[in-house]
Amino acid sequence: MARFGMAIDTVRCVGCMDCVVACKTENSVPEGFNRDWITTEVTGTFPTTHLEIRSERCNHCDDPPCVSCCPTGASHVHDLGAVVLVDADKCIGCKGCVASCPYGARFIHPDGYADKCTFCIHRVEQGLLPACVAVCPTHCMHFGDLDDPNSDVSTLLASRRHHVLLPDAGTKPRIYYLT
Amino acid sequence: MSTYSRRKFLKISAATVTVASGAAGAAGAAASAKAAAAPDKPSKRAAQGVQRIPTYCDICFWKCGAIASVRDGVLWKIEGNPEDPLSRGRLCPRGTGGIGAHFDPDRLKRPLIRKQERGQEVWAEVSWDEAFAYIATKMHAIKETYGPESVAMFAHGIGGNFLKHTLKAFGTPNFAAPSFAQCRGPRDVGFRLTFGEDVGSPERTDIKNAQCLVLIGSHLGENMHNSQVQEFAEAVGNGASIIVVDPRFSVAASKARHYLPIKPGTDLALLLAWMHVLVEEGLYDKEYVAAHGFGFDQFAARIASCTPEWAYPETGIDPAVIRETAREMARHRPATLVHPGRHATWYGDDTQRSRAVALLNALLGSWGHKGGFYAPSSMDVPGYPYPAYPKPAKPKLDNPGMRYPFAHEAISTGIREATITGAPYPIKAWFTYATNLIQALPNEDETIKAIKNLDLLVVVDVIPNEIAGWADVVLPEAVYLERFDDLNVELFREPFVALRQPVVDAPHGQKPNWWMAKKLAETLGLAQYYPWKDIEEYLDHRLTAAGMSLADLKTRGIVRGAPQPTVVEEGASLAFETPSGKIEFYSLQLEKAGFDPVPVYTRHAEGPPASFRLLFGRSPVHSFSRTQSNRILSDMMDENEVWLNADMARRMDLKSGDYVCLRNQDGVVSNRVRVKATERIRPDCVYMVHGFGHTARGLKHAFGKGASDSQLVTRYATDPLMGGTGMNVNFVTIEPEAARG
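Residues numbered from 1 in each chain as written. Chains lettered and ligands numbered in written order. Predicted model: local features only at pLDDT ≥ 70, side-chain atom pairs only at ≥ 80, totals over all residues. Heavy atoms only, no water.

So, the interface of chain B and chain A
Step number 1: Listed per partner, the contact involves 52 residues of chain B and 46 residues of chain A.
Step number 2: Both faces considered, chain B and chain A share a buried interface measuring about 3700 Å² in area, 59% of it formed by carbon and sulfur atoms.
Step number 3: Joining chain B to chain A, the criterion identifies four salt bridges.
Step number 4: B:Arg631 is the partner of A:Glu31 in a salt bridge, and the nearest nitrogen-oxygen pair spans 3.9 Å.
Step number 5: At the surface where chain B touches chain A, the tally comes to 14 residue pairs in polar contact (both at pLDDT 80 or more).
Step number 6: Where the side of chain B that touches chain A is concerned, the elements lending two or more residues are strand 5 (74-80), helix 1 (93-96), helix 6 (226-237) and helix 21 (631-634) of chain B.
Step number 7: Broken down by element, the side of chain B that touches chain A gets its largest block of residues, eight residues, from helix 6 of chain B.
Step number 8: Looking at the side of chain B that touches chain A residue by residue, the classes come out as 28 nonpolar, 13 polar and eleven charged. (Contact = heavy atoms within 4.5 Å. Buried area = accessible area lost by both parts, 1.4 Å probe. Salt bridge = Lys/Arg side-chain N within 4 Å of Asp/Glu carboxyl O. Polar contact = N/O pair within 3.5 Å; in protein donor to acceptor, adjacent residues only side chain to side chain. Helix = DSSP H or I, 4+ residues; strand = E, 2+ residues; numbered from the N terminus. Nonpolar A, V, L, I, M, F, W, Y, C, P; charged D, E, K, R; others polar.)

What follows is the structure, encoded as C-alpha cells:
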C-alpha cells in the first residue's frame, strides 16, 4: 500500500510560484483561491539574512484531523497512496475541516464544498506527476511513495537534512522540506 | 572546424515530438467555469475531449515552446513542450498562467478611434475598415507634407515583424525598441567592444556548467527568464559557488556563498578592484590572455591603482571580501561566469560597467569555455522574398550625426526627442506594437510632450494600457494563443525552429498582427508587398525553402537541428570580430572616439537628505506592465510593495502593510503603495517591482493597484557611448498616504 508524500528542496526553490499557477490551471481553481502557496521565512539581520522559501500545500497527514472531524465522511483517506481527499458531493460546507487543519490548507470553494490539494490524484492515476511537480522550473519538488525505500522521495530523505512543518501538531505531515 | 561566432546550420535531427491529439485528461475535482468574457460567437473548435496543440509563448520575449490543452472547446492549460530547448518541457509561472491573457475580461475587443482629447480615453468603436481608412488618410497626409520618414514605430517582440514590413514599404527608416536604450543596450555594446560580439537574447551563458557564478544586480529567480532560472537552479543544486552583488538580499543572494551588499551605483569600483586583484596576484588566465588579448599591459597599468582598499569607501565592501571573492573566481576559472545581466541601464556609465564585466570574464578565460559563454547556433531559414523597399530620402533620426557613436540599434528616446524638437526632421506618426511606452520610457512628461506633437498615434496591443490611452486609433490584437506569428529562429545552445499557431479563437474578433499589417498595406496601396494570401502561405513558403513544412511544424511545434560544438572543450574555436581580432583589454576604438579605453570609475551623485535611491526589478509572475490584468497572475501578486530596510521602517514608525506614497526629487508623488519592512535591503535605497500602479481606466482590475516606478523615473543619465537611459538616478522620500494631493 503506497503512502504518497513530497520532498521539496528549499536549496533549489526560488519561490517563483509556478507550482501555484500550474495547480490553478490544472485544477481550475477559482479566482481568489489557491490550493498551494509560497512561504518565505526571513531570519537574521541585514546583511546576514537567511531565507527559507517553501512551496506549501495540504500535508496529506498520516493522522489527518480534517478527516476525523468531518461529520459526513466527505473528507477521507483515498485508497491510492493514502491521499487525503474531499468528496464534494458529500461535503456540506460546515468548515470544520478548515478550522481543524493546522496548515490552513483548506478553503471553501465558491460552489460550497471544502477544497484543497489532491496531490493531483487524477494525474497520478494516469502515471503522471502532480502538476506542481511537473512544472517546477527548478526541479525542486519530488513526489513518490514514502513506504518504498527506493523511491525518489525516500532516497532524498535518507540522504539530506530535512524538516516538516508544525511537527508538534501531531498530525504526521508528509511534505518534507530538504535544507 | 567551427569558429566561435554566430553560425547558422540546417541539419534537421531525427528528433520528433509526439503531440497526441485527443489524449485523455481527467478533469480536476473542481472544474469551475472560467470567468471569461462572453465571446461574440461560439468557438468553431467545440470538439469534445482534450486537444493538445503546440505553439510558443509570448508572455515575455523568451519564446518558450509550449503545448496548450483545449478541453471541450475551452482553453484549459498550457505546458512546456518537452522537445523545446528553451523550456525543456517546463514553462515559467508567467507562461503557465498565460491562458489568463485569453480570458482577461479587460482586454481590448474592437478597433477604436479617439473621440475626445488625447489621454481622455474616450473612443468610438469602429469597424476594421474604418480604422484602416482613418490611419491611411492620416499617413498619406503626413507623407504629402513631411515625407514618409516622418512615421516611426516602436515595437517589442516578434509580433512587430509584419507591421514593420508594412511601414518599411511605406518608406520610413525609423524603428526602435525600448529593449535597447532602456534595457540591454549598454551590455551588448560593452561586450561588442570587448569580444566583438554581444551576448544575445537568450543570453549565451552556460550557467548550468558554471562552477562559480557571479551575479551583479541580476536577480535570477525573480527575473524569470526560463532557461536561465532552470540552469541557475541546476548550478545551485550542483554546489556551484554563487557570488551575489546587490543592494537587496535577492532570492539569488539567499543561495550565495558570498553576498556583497554593495552601495548602489558603485559596481564599477568593485569590478575594477576584482580585476586589480586578479592581475596583481597573477591569478588571471595568463595563457588565454596572451593568446587572445589585445592591450593587456596598458589595461593592467590603468587599473594598478584600483586596489580593494581604494574600492572600500566607495562600495562599502570589505577589502578582505573583495580579495577573497576574486580568488574564489580564479579558483574555478574558466568555469567562472560573471553574468552580464540584462536590464543594464542604471547610471549612465553602463556601457563602461558592462565592459568591465566583459573584461573580468576575459581575465578568467570564460568566453568560449564550458561554464562561461558558449557559441550559439541557429537554423538557416530564409526570409520571404519580398519586393525591395523604397529607399528613404532621409536617414533615420534617432541618433543624428552618430552623437552616440557605439549605438548599433536605434535609440527609442532619440525618436522621442526628435518628435519633441522636430529636428533633424519632424516625426508626425507613431505606431506602437506591444510596448507600453508610458511605462517603458523614462520621464513620462517627455513622452506625452512628444505625443502631443503627433498627427497620428496608432497602438496595437491586447490590453488597454497607458499608451493606448493616448492613442488616436487602437487596434485590438488577438493574444498569442489565438494567432499565427512569424517563426522563431533563435540563436541558442542548439538550432531549432518553432511555430506559433492559434489554439483557440479570439473571443471578440480581435485580429492577429499579420492580418492588420497586410490590411493596412492594402489600404495604403502597398498590396504588392503582401504577395501571400495568408500567413500560412507565408510560413509554408519560408519553411519549404528551408527543407521543412508547415504541416510538420503544426504537429510538432518545434523542429531541432543538429547540435554544434558550443565551447572550446567540444571543439569550437575562438574568433573575435573586434578591430584587432582579439579581446580588447585596451580599446583603441574608444580612445579614438574620445572615451576611456579602459573603464574608469566615477562617483555618482547622491540624493537629497533623508531620501532613498529608487531601485526597481522584476517579479517571477509578471512581465513588464502587461500582465497585471491577467487574473491568474494577479491572483499570485496583484500589487507591488516598496521594500524598506526594517531598521529604517522602525525609525520611521512604519510597518509592513502600511500604505505610503513616494515623492521623488522633482516633486512627483506616486500612487499609494504598501510598505514591505524587511531585512533584505540596505537602508539607503528602496525597491519596487516594475509594472504596477496602472492609471489606464480600461484596466479595471489593475487600475490603481500599487505604484509605478516609471512615474517616479523623471530623471535619467544618458550613456554617452550608446544613448542608453540610466534610470537608477532617482531618489524618493516616503510620506503618509494622506499626503497625496
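What follows picks up the thread again.
Describing the layout of surface pockets
Residue and element names in this part refer to chain B.
Step number 1: Volume-wise, the largest pocket comes out at about 1400 Å³.
Step number 2: Lining the largest pocket are 45 residues, and of these Lys63, Ile158, Asn161, Lys164 and Glu490 sit closest to its centre.
Step number 3: Of all the secondary-structure elements, those providing two or more residues to the lining of the largest pocket are helix 4 (161-170), strand 9 (174-176), helix 5 (178-195), strand 15 (377-379), strand 19 (488-489) and helix 18 (535-545).
Step number 4: For the lining of the largest pocket, the leading source of residues is helix 5, giving five residues. (1 Å grid on protein atoms, 1.4 Å probe; cavity = no way out; pocket = protein on both sides within 12 Å on 5 of 7 lines; lining within 4 Å. Points joined across faces, edges and corners; volume = space filled by probe spheres on them.)

What to know about the sheet that holds strand 9 (residues 162-163) of chain A
Residue and element names in this part refer to chain A.
Step number 1: The strand order 8-1-10-9 describes an open sheet built from four strands, whose pairing is mixed. Edge positions in the sheet fall to strand 8 (141-145) and strand 9, since each has one partner strand and no second.
Step number 2: As paired strands, strand 9 and strand 10 (residues 175-178) are joined by two bridges and run antiparallel to one another. Pairing of His163 across the sheet is with Tyr177, part of strand 10.
Step number 3: Sitting on the sheet, helix 6 (residues 152-159) touches strand 1 (4-9), strand 8, strand 9 and strand 10, and the angle it makes with strand 8 is about 110 degrees. (Pairing = 2+ DSSP bridges. Axes fitted to C-alpha atoms, helices over the stretch in contact; angles between N-to-C directions.)

Topic: the packing of aromatic side chains
Residues and elements named next belong to chain B.
Step number 1: Using the criterion set out here, one finds 33 aromatic pairs over all chains in the structure.
Step number 2: Summarising the aromatic geometry, the rings of Phe249 and Tyr259 are spaced 5.1 Å apart at their centres and angled 90 degrees between planes, so their arrangement reads as edge-to-face. Of the two residues, Phe249 sits in the loop between strand 11 (241-245) and strand 12 (258-260) while Tyr259 sits in strand 12, which places them ten residues apart along the sequence. Across this residue pair, the class does not change: Phe249 and Tyr259 are buried.
Step number 3: Joined through ring pairs, the aromatic side chains of Phe162, Tyr384, Tyr386, Trp514, Tyr530, Trp532 and Tyr538 make up one cluster.
Step number 4: The ring of Trp76 carries the charged tip of Lys77 above its face, separated from the ring centre by 4.2 Å. (Phe/Tyr/Trp six-rings, centres within 6.5 Å; stacked < 30°, edge-to-face > 60°. Buried < 20%, exposed > 50% of the residue type's maximum accessible area, 1.4 Å probe, protein only. Lys NZ or Arg CZ within 6 Å of the ring centre and 35° of its normal.)

Some remarks on the packing of helix 13 (residues 412-421) of chain B against helix 15 (residues 444-452) of chain B
All names here are of chain B.
Step number 1: In contact at an axis separation of 8 Å, helix 13 and helix 15 are set at 55 degrees when each is read in the N-to-C sense. What the angle tells us is that helix 13 and helix 15 run oblique. Two packed elements cross with a definite hand, and for helix 13 against helix 15 that hand is left-handed. Residue-level inspection shows Arg416, Thr419 and Ile420 of helix 13 in contact with helix 15, the latter providing Glu446, Thr447, Lys449 and Ala450. (Parallel < 35°, antiparallel > 145°, perpendicular 65-115°, else oblique. Left-handed = near helix turned anticlockwise from the far one by under 90°.)

Re the sheet that holds strand 6 (residues 112-114) of chain B
Hydrogen bonds between backbone atoms are what pair the strands of a sheet, whose relative direction is either parallel or antiparallel.
All names here are of chain B.
Step number 1: The strand order across the open sheet formed by seven strands is 7-6-18-17-16-8-9, and the pairing between neighbours is mixed. Each end of this open sheet is capped by a strand with a single partner; those strands are strand 7 (123-125) and strand 9. Strand-to-strand, the axes of this sheet are offset by a mean angle of 15 degrees, without reference to chain direction.
Step number 2: Taken together, the three bridges between strand 8 (residues 151-155) and strand 9 define a ladder with parallel strand orientation. Residue pairing for strand 9: Ala152 is matched across the bridge by Asn174.
Step number 3: This element, helix 13, spans strand 8, strand 9 and strand 16 (429-433) of the sheet and lies at about 135 degrees to strand 9.

Looking at the nonpolar core
Step number 1: Formed by 150 residues in total, the largest nonpolar core has its most connected members in B:Phe232 and B:Trp274.
Step number 2: A per-element tally of this core places helix 7 (residues 267-280) of chain B first, with ten residues.
Step number 3: With residues up to four places along the chain from it excluded, the contact list for B:Phe232 reads A:Val14, B:Ile207, B:Leu213, B:Leu215, B:Leu220, B:Ile242, B:Ala252 and B:Lys255.
Step number 4: Core analysis: the second largest hydrophobic core is formed by 53 residues, B:Phe170, B:Ala429, B:Leu539 and B:Met548 among them. (Core = buried A, V, L, I, M, F, W, Y, C linked by side-chain atoms within 4.5 Å.)

Some points on the domain arrangement of chain B
Step number 1: Here chain B is partitioned into domain 1 (112-180 + 396-480 + 511-544), domain 2 (186-376 + 571-592) and domain 3 (612-739).
Step number 2: Once you take the C-alpha centre of each, domain 1 of chain B and domain 2 of chain B turn out to be 37 Å apart. (Domains from an automatic or database assignment.)

Digging into helix 6 of chain B
Residue and element names in this part refer to chain B.
Step number 1: Between its first and last C-alpha, helix 6 extends 17 Å over twelve residues, near the 16 Å set by a 1.5 Å rise per residue.
Step number 2: Counting buried positions over the twelve residues of helix 6 gives ten, a clear majority of the element.
Step number 3: Taken as a whole, helix 6 has its buried residues at Asn226, Ser227, Gln228, Val229, Gln230, Glu231, Phe232, Ala233, Ala235 and Val236.
Step number 4: Where the residues of helix 6 are buried, they touch strand 10 (212-216) and strand 11.
Step number 5: Following helix 6 by one or two positions, Gly239 has its phi on the positive side, about 80 degrees. (Expected span 1.5 Å × (residues − 1).)

A closer look at the environment of B:His258
All names here are of chain B.
Step number 1: Within the secondary structure, His258 sits in strand 12.
Step number 2: What makes His258 buried here is its relative accessible area of 12%.
Step number 3: A C-alpha to C-alpha distance of 35 Å links His258 and Glu577, two positions 319 residues apart in sequence.
Step number 4: In this structure His258 touches Ile242, Ile243, Val244, Glu324, Thr325 and Glu328, once residues within four positions along its chain are discounted.

Things to note about the side chain of B:Glu121
Residues and elements named next belong to chain B.
Step number 1: With respect to the helices and strands, Glu121 occurs in the loop between strand 6 and strand 7.
Step number 2: Despite its burial, Glu121 remains without a salt bridge, the nearest opposite charge being carried by Arg697 at 4.1 Å.
Step number 3: A polar contact is formed between the side chain of Glu121 and the backbone nitrogen of Arg697, at a distance of 3.0 Å.
Step number 4: The residues touching Glu121, leaving out its near neighbours within four places in the chain, are Gly469, Thr695, Ala696, Arg697 and Gly698. (Lys, Arg positive; Asp, Glu negative; His and termini not counted.)

Side note on the pattern of salt bridges
All names here are of chain B.
Step number 1: Tallied over the entire structure, the rule returns 69 salt bridges over all chains.
Step number 2: Among the salt bridges present, the one from Asp285 reaches Arg333, with a minimum N-O distance of 3.7 Å. Taken together, the residues span a long stretch of sequence, with Asp285 in the loop between helix 7 and helix 8 (286-292) and Arg333 in the loop between helix 11 (319-332) and strand 14 (336-338) at a distance of 48 residues.
Step number 3: Residue Arg403 is joined to Glu417 by a salt bridge in which the shortest nitrogen-to-oxygen separation is 3.5 Å. Of this pair, Arg403 sits in the loop between strand 15 and helix 13 while Glu417 sits in helix 13, and the two are 14 residues apart along the sequence.

A closer look at the packing of helix 7 of chain B against helix 11 of chain B
All names here are of chain B.
Step number 1: At their nearest, the axes of helix 7 and helix 11 sit 9 Å apart, and the two run at 65 degrees to each other. Of the two possible hands of crossing, helix 7 and helix 11 adopt the one that is right-handed. Side by side, helix 7 and helix 11 meet where Leu270, Ala273, Trp274, Val277 and Leu278 of the first sit next to Ile322, Arg323, Thr325, Ala326, Met329 and Ala330 of the second.

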